[in-house]
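Commentary on secondary and tertiary structure
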Amino acid sequence: EKEAELSALKVQSNMERVSLVDENTASLSKEYSLECEKARASTEAASKAASESASAVIHVMQEQSRVRQAAADIRSQALSAERVVHQMKEQIQTLNEECSKLKDALKRKAEELAESTRARVDIEKKASQRVSEIEQRAQDNIKSVQEAFDQMKMGMDE
């Protein structure tokens, strides 16, 4: 029963971890999306200024490189998060299987215990009946000896 509770707690903990990873992934995606939008806006401004200055062109190229790097980082983090989620799902599946096996084992043990208890009760009933039978025979024997003794006594009195 404790193992089943522990397994249930592990399952719940893993589910919470998956939820936290999902929230973290969403937060990172939003953050990088905002960064991309910001970078896009900066790139547009730099393109406009590029017609006025060659240095603005260099700045745009640098900004685009940073956006590409940020996008690559986002993809990398998303893949990592997907792997973590996949591993956690596998762990949850494994824990669910373990929990199921433990429940089955617990059910078998309960059935064995019930059968053992029934057998013990039957044995105790039979033993009790046997004791009652032996006591009754002992009482009958005592009575028989008492009667024989009383007859001998009467025979001696005459």
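A brief structural summary.

Cut-offs used in this document
- Residues numbered from 1 in each chain as written.
- Predicted model: local features only at pLDDT ≥ 70, side-chain atom pairs only at ≥ 80, totals over all residues.
- Heavy atoms only, no water.
- Helix = DSSP H or I, 4+ residues; strand = E, 2+ residues; numbered from the N terminus.
- Rg over C-alpha atoms; globule rule 2.2 N^0.38 Å.
- Contact = heavy atoms within 4.5 Å.
- Areas by Shrake-Rupley, 256 points an atom, 1.4 Å probe, with all protein chains shown as cover.
- Lys, Arg positive; Asp, Glu negative; His and termini not counted.
- Charge placed at Lys NZ, Arg CZ, Asp CG, Glu CD.
- Core = buried A, V, L, I, M, F, W, Y, C linked by side-chain atoms within 4.5 Å.
- Buried < 20%, exposed > 50% of the residue type's maximum accessible area, 1.4 Å probe, protein only.
- Salt bridge = Lys/Arg side-chain N within 4 Å of Asp/Glu carboxyl O.

Next up on the list: the overall build of the protein. When helices and strands are tallied, the protein shows 2 helices and 0 strands. What you see for the protein is a C-alpha radius of gyration of 43 Å, clearly larger than the 15 Å of a compact globule of 158 residues, by over 25%. When its C-alpha atoms are laid out on the principal axes, the protein stretches across 155 × 15 × 10 Å. Considering only intrachain contacts with a sequence separation of at least 6, the fraction spanning at least 24 residues in the protein is 72%. Carbon and sulfur atoms make up 55% of the accessible area of the protein, which totals about 12800 Å². In the protein, which carries 25 positive and 30 negative side-chain charges, the distance between the mean positions of the two groups comes to 5 Å.

Formed by Val11, Val18, Val21, Ala81, Val85, Met88, Ile92 and Leu95, the largest nonpolar core amounts to 8 residues. No other element matches the 5 residues that helix α2 (residues 54-157) contributes to this core. Residues in contact with leucine 95, not counting those within four places in the same chain, are Lys10, Val11 and Asn14.

Here we take up the side chain of glutamate 63. Among the structural elements, glutamate 63 can be located in helix α2. Glutamate 63 sits in the buried class, given a relative accessible area of 12%. Glutamate 63 has contacts with Ala39, Ser42 and Thr43, leaving out every residue within four places of it along the chain.

Before going further, it helps to spend a moment on the environment of alanine 78. Inspection of the secondary structure puts alanine 78 in helix α2. Distance from alanine 78 to asparagine 24, taken between C-alpha atoms, is 10 Å for residues 54 residues apart in sequence.

Turning our eyes to something else, we now look at the pattern of salt bridges. Enumeration over the complete set of coordinates arrives at 7 salt bridges. Where lysine 109 meets glutamate 112, a salt bridge forms, and the shortest distance between an N and an O atom there is 3.8 Å. Of this pair, lysine 109 and glutamate 112 both sit in helix α2, separated by 3 residues, roughly a single helical turn. Where glutamate 115 meets arginine 118, a salt bridge forms, and the shortest distance between an N and an O atom there is 2.9 Å. Here arginine 118 and glutamate 115 lie together in helix α2, a separation of 3 residues that amounts to about one turn. Using a relative accessible area of 46% as the deciding quantity, one classes arginine 118 as partly exposed. What you see here is one network of salt bridges that share partners, running through Glu35, Glu63 and Arg66.

Another aspect to go through is the side chain of asparagine 14. Among the secondary structure elements, asparagine 14 is positioned in helix α1 (residues 2-50). A relative accessible area of 5% places asparagine 14 in the buried class. Non-local contacts of asparagine 14, meaning those with residues more than four positions away in its chain, are made with Met88, Gln91, Ile92 and Leu95.

Considering the arrangement of structural elements, one finds threonine 25 in helix α1. Residues threonine 25 and glutamate 124 lie 99 residues apart in sequence; the distance between their C-alpha atoms is 65 Å.

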